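# Observations on chain architecture
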Amino acid sequence: MASLAIETENLGRIYKIRGNKKEKQIRKELVALQEVNLQIEQGELFGLLGPNGAGKTTLIKILVTLLAPTTGQARVAGFDVVDQPQLVRPRINMVSGGESSGYGLLTVRENLWMFAQFYGLSSKEANRRIEELLTMVGIADRMHTKSSDLSTGLRQKMNIVRGFLTDPEVLFLDEPTLGLDVGASRDVRRFILEWLDVPPLPGREGREPALSGAKGEGRRTLLLTTHYMVEADELCDRVAIINEGRVLACDTPSALKQRLQRDALFEIETSPLNGLSAEALVSLPEVRKATLSERDGGATLNLVLVEEAALAGVINVLSQKNVRILKLSKREPTLEDVFVDLVGRSMEEMEKVGASEQ
Amino acid sequence: MAESSFATRNLQPTTRNSESWRSFRIATWLGWQIESNWADPFLFAVYSIIKPLSGAAILVVMYGIIAQGNFSNPLFPYIYLGNAFYIYAGAMMTGVSWAVIDDREHYKTLKYMYIAPIRIPVYLLGRGVARFITGSFSVIITVLAGVLFLHLPLDVMTANWPLFFLALFIGVVMLAMMGLLIGSISLLLVHHVGFLGDAVASALYIFSGAIFPLDVLPAWLRPIGFIMPITYWLELVRRSLIGNVAQAFPTLAGFSNMELLGILLGLSLLFGVISILTFRFCDRRAREKGLIDRTTNY
Ligand SMILES: Nc1ncnc2c1ncn2[C@@H]1O[C@H](COP(=O)(O)OP(=O)(O)O)[C@@H](O)[C@H]1O
Ligand SMILES: [Mg+2]
């Protein structure tokens, strides 16, 4: 037990929302997180995968001592986040993606140096690490640029370096690639993996071990949230799938996908659907799940079939509705399929539902 | 082994003292970077001179009209010095409290400050230091202009400098703590609270005897002035610089310097304690309500 980097027990959070001007008296309650029980070992790269509004940021905010939970408890690096924030804080750091934070009037180096100072790092060591990490993310040439002159993407890279700079025992990355282009996202993912291989920076072994006697002792732990399933699949040792505030499953990506191994997965590209619904497909025998996404002049169906033979029924229905099949392929299961299997809808559909409810 | 790991140790033990010191030191540095962030240092200097002087000029014109040009009345140095030193009140109160809003809304760094092993109240006070420096510049220029052009009867030889610096020190710390009080409250307010520091500073301008003695106020408003440490602080500053001005006004004339100093110290401590308790309360509430990283667009 003592070796856990992060541990939550029935963690829950309710937001109280004041109604708008018309409905002033009405105070709505929004359950953002409920009964979250996670146990993350030291040295794990742990992913939290879920659609927008699932509660990922809320969970991170509780774990980094920014937000009080409504129910339950959480321990990070061995300390309670509510009762001992001053012991948690020196051992952690956090980066939120999709925002441009930092002091625009300071240079990249000055911004990073300042935050290193807050953690008691010597200037010499801070400057050495800044150069090393900026080189790793490929923006060492911008070290002396005012951060206001950086593009959003580069600013986000600077922010990511800020999180890694203090070599925390537990690092929280909230959607680190949100808003980045494909190339920059790849850089960031590669950086995260590279960093886990860098031997602990000087200063770390001298630190009071908060947790002792465990196999992963002193190793870096990283909790990453994302709504890109590829990212979770590619990076994480273990993934928790979260939806509407609940953790629905938690395992290694391959074990999660294992659940669907017996099923047959097909992706079909078609002409417009002419009113065909997912429900109509699921009502067919041996069709477990079906999701549709329509775009201009066509649609993509994703099917989870109990057996390949069930495909015949689907094709039948399609031709009855005058839907032409443009492309049909059998797929390996992805984490997205795991999500659909657990929730009954795709992450994209969940986000649409969430947005229309607000 | 133990020896070598100690040698490479760069994360110093986080005692409260070292935590406070580095919070203050870096906040001061940051505050100064922000305060002096002028593309053109020449413009910065001009602005720093013109702004306090124009403030004083407005006051002088108004006084000139009301007192029909009688600048030898002791009311003139009373108003002039009160106004000059009140610059500190505005600078410190808005400087410290503005840091909360600036870091949260503009730079979006407040949450990162919060999760760092620093002491937030000390950090906020540190952000006020730069304002103290630029404020001092304005105060000195205003007083100097008064002496050179308006016959402000300030005599360097007869001024009570020890009393002046002691009162100034207590006063500036007191103003910074008032700033912390406003900053703490700003933590809980989300919508457009930028003006809060300014609003409080402007309100107290009237109630702290800065530009007229408290007797001018209706009796039921005077208590506000009497519980404000700023009132006693301004009185001490006036007395230490121009001793005889004070005697012309009955409000606080009954008190000796030592008594005034005692009251100032006592009230400052009281407000200091209130500030810290308020911070603790607001800090807890802000974390319960999730306001530390809240921006106004929510
Ligand atoms: N400060 C807040 N006040 C009210 N509701 C909030 C607040 N922050 C988040 N929420 C709501 O809580 C739910 C979870 O949000 P969040 O944790 O940000 O999800 P995610 O990071 O997975 O997108 C959402 O429905 C969101 O609208
Ligand atoms: Mg989020």
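Computed from a predicted structure; not experimentally measured.

Time to look at the packing of helix H3 (residues 108-118) of chain A against helix H5 (residues 152-165) of chain A. Residue and element names in this part refer to chain A. As a packed pair, H3 and H5 sit with axes 10 Å apart at the nearest point and diverge in direction by 30 degrees. In terms of orientation, H3 and H5 fall into the roughly parallel class. Classified by chirality, the crossing of H5 by H3 is right-handed. Every residue of H5 that contacts H3 at Val 108, Asn 111, Leu 112, Phe 115 and Ala 116 is listed here: Met 158, Val 161, Arg 162 and Leu 165. Among the residues forming the contact of H3 with H5, the class breakdown is seven nonpolar, one polar and one charged.

Residues in a regular strand point their side chains to alternate faces of the sheet. Residue and element names in this part refer to chain A. Strand E14 (residues 298-305) sits mainly inside the fold: seven of its eight residues count as buried. Sheet topology places strand E12 (residues 264-270) next to E14; seven bridges connect them, and they run antiparallel. Within E14, the position partnered with Glu 269 by the bridge is Thr 300. The loop that links strand E13 (residues 287-295) with its antiparallel partner E14 comprises two residues; one of these, Gly 297, has a positive phi angle of about 70 degrees.

Domain parsing of chain A yields domain 1 (4-257) and domain 2 (262-332). Distance from the C-alpha centre of domain 1 of chain A to the C-alpha centre of domain 2 of chain A: 39 Å.

Moving on to helix H6 (residues 120-127) of chain B. Burial analysis of H6(B) places six of its eight residues in the buried class, the great majority of the element. For H6(B), the full list of buried residues reads B:Ile120, B:Val122, B:Tyr123, B:Leu124, B:Gly126 and B:Arg127.

All names here are of chain A. Taken in spatial order, the six strands make up an open sheet running E7-E8-E9-E4-E10-E11, and their pairing is mixed. Among the strands making up the open sheet, the edge pair consists of strand E7 (92-96) and strand E11 (246-251). Each adjacent strand pair in this sheet contributes to an overall mean axis angle of 15 degrees, direction not counted. Here five bridges tie strand E4 (residues 45-49) to strand E9 (residues 221-226), and the two strands are oriented parallel to one another. Within E9, the residue paired with Leu 48 across the bridge is Thr 225. Against the sheet, H5 engages E7, strand E8 (170-174) and E9, with an angle of about 170 degrees to E7.

A word on the packing of aromatic side chains. Between two aromatic rings, the relevant description is the distance of the centres plus the angle of the planes. Counting across every chain of the model gives 18 aromatic pairs over all chains. A ring pair is formed by A:Phe118 and B:Tyr123, whose centres lie 5.9 Å apart and whose planes are at 75 degrees; its orientation type is edge-to-face. Pair noted here: A:Phe118 is in helix H3 and B:Tyr123 is in helix H6, and the two residues belong to different chains. Accessibility expressed as a relative area gives 0% for B:Tyr123, which makes it buried. Grouped by ring-pair contacts, the aromatic residues B:Phe85, B:Tyr88, B:Phe132, B:Trp161, B:Phe164, B:Phe165 and B:Trp233 constitute a single cluster. For the cation-ring pair, A:Arg220 lies above A:Trp195, with the distance from its terminal atom to the ring centre recorded as 4.3 Å.

Attention shifts here to the layout of surface pockets. Residues and elements named next belong to chain B. Empty space within the second largest pocket amounts to approximately 1,200 Å³. If you trace the second largest pocket, you find 40 residues lining it, with Lys 51, Gly 90, Ala 91, Thr 94 and Arg 131 closest to the centre. At the level of secondary structure, the elements contributing two or more residues to the lining of the second largest pocket comprise helix H2 (16-35), helix H3 (41-66), helix H4 (75-106), helix H7 (129-149) and helix H9 (196-207). Of the residues in the lining of the second largest pocket, the class split is 18 nonpolar, 16 polar and six charged.

Time to look at the site of ligand 1. All names here are of chain A. Near ligand 1 there are 14 residues, and of these Gly 53, Gly 55, Lys 56, Thr 57 and Thr 58 occur at the shortest range. In the environment of ligand 1, a nitrogen atom lies 3.5 Å from a nitrogen or oxygen atom belonging to the side chain of Tyr 15. Taking Gly 53, its main chain carries an N or O atom lying 2.6 Å from an oxygen atom of ligand 1. When the free accessible area of ligand 1 is taken as 560 Å², the share hidden by the protein chains comes to 85%. Of all elements in the fold, only strand E2 (27-36) and helix H1 (56-63) reach the threshold of two or more residues within the shell around ligand 1. Considering each element in turn, the shell around ligand 1 owes the most residues, three residues, to H1. The residue inventory of the shell around ligand 1, partitioned by class, reads six nonpolar, six polar and two charged.

Right, let's talk about unusual backbone geometry for a bit. A positive phi angle is found at A:Asn274, which is not glycine, with a value near 50 degrees. Summarising the element assignment, A:Asn274 is placed in the loop between E12 and helix H9 (278-282). For A:Asn274, a relative accessible area of 46% gives the class partly exposed. Phi at B:Lys108 takes a positive value of approximately 55 degrees, unusual for a residue other than glycine.

Rules of the game
Numbering of residues starts from 1 in each chain and follows the order in which that chain's sequence is written. Chains and ligands are labelled sequentially in the order written, the chains with letters from A and the ligands with numbers from 1. For this predicted model, a pLDDT threshold of at least 70 governs which residues receive local features, and a threshold of 80 or more governs which side-chain atom pairs are given and counted, while totals over whole chains, interfaces and linings are taken from all residues. Side-chain calculation: all heavy atoms of the structure are included, whereas hydrogens and water are not. All axes are obtained by fitting lines to C-alpha atoms, using only the stretch in contact for helices, and the reported angles, taken between N-to-C directions, cover 0 to 180 degrees. Strands here mean DSSP runs of E at least two residues long; helices mean DSSP runs of H or I at least four residues long; both are numbered from the N terminus. By the definition adopted for this analysis, an angle is roughly parallel if under 35 degrees, roughly antiparallel if over 145, roughly perpendicular if from 65 to 115, and oblique otherwise. Working rule for handedness: look at the near helix, and if it is turned counterclockwise from the far one by less than a right angle, call the crossing left-handed; if clockwise, right-handed. When checking whether two residues touch, look at their non-hydrogen atoms; a contact exists if any pair is within 4.5 Å. Gly falls in the polar group here, along with every residue not listed as nonpolar (Ala, Val, Leu, Ile, Met, Phe, Trp, Tyr, Cys, Pro) or charged (Asp, Glu, Lys, Arg). Exposure is judged per residue with a 1.4 Å probe applied to protein chains only, and the accessible area is read against the type maximum: over 50% gives exposed, under 20% gives buried, and values in between give partly exposed. Strands are treated as partners if at least two bridges between them are detected by DSSP. Boundaries between domains were set according to an automatic or database domain assignment. The criterion for an aromatic pair is that two Phe, Tyr or Trp rings (for Trp, the six-membered ring) have centres within 6.5 Å, with stacked assigned to planes under 30 degrees apart, edge-to-face to planes over 60 apart and tilted to the rest. Note on geometry: a ring has a charge over it if NZ (lysine) or CZ (arginine) is within 6 Å of the ring centre and within 35 degrees of the ring normal. Cavities and pockets were defined on a 1 Å grid built over protein atoms only: a cavity is a set of grid points that admits a 1.4 Å probe from which the probe cannot escape, a pocket is an open set flanked by protein on both sides within 12 Å along at least five of seven lines, and lining residues are those with an atom within 4 Å of any such point. Grid points are joined across faces, edges and corners, and a volume is the space filled by probe spheres set on the points. It suffices for a single heavy atom of a residue to lie within 4 Å of a molecule or strand for the residue to be listed as near it. Nitrogen and oxygen atoms within 3.5 Å of one another constitute a polar contact, given that in protein one can donate a hydrogen and the other can accept it, and given that sequence-neighbouring residues count only through two side-chain atoms. Reported accessibility uses the Shrake-Rupley method at a 1.4 Å probe radius. Residues are deemed covered only where the shown protein chains occlude them.

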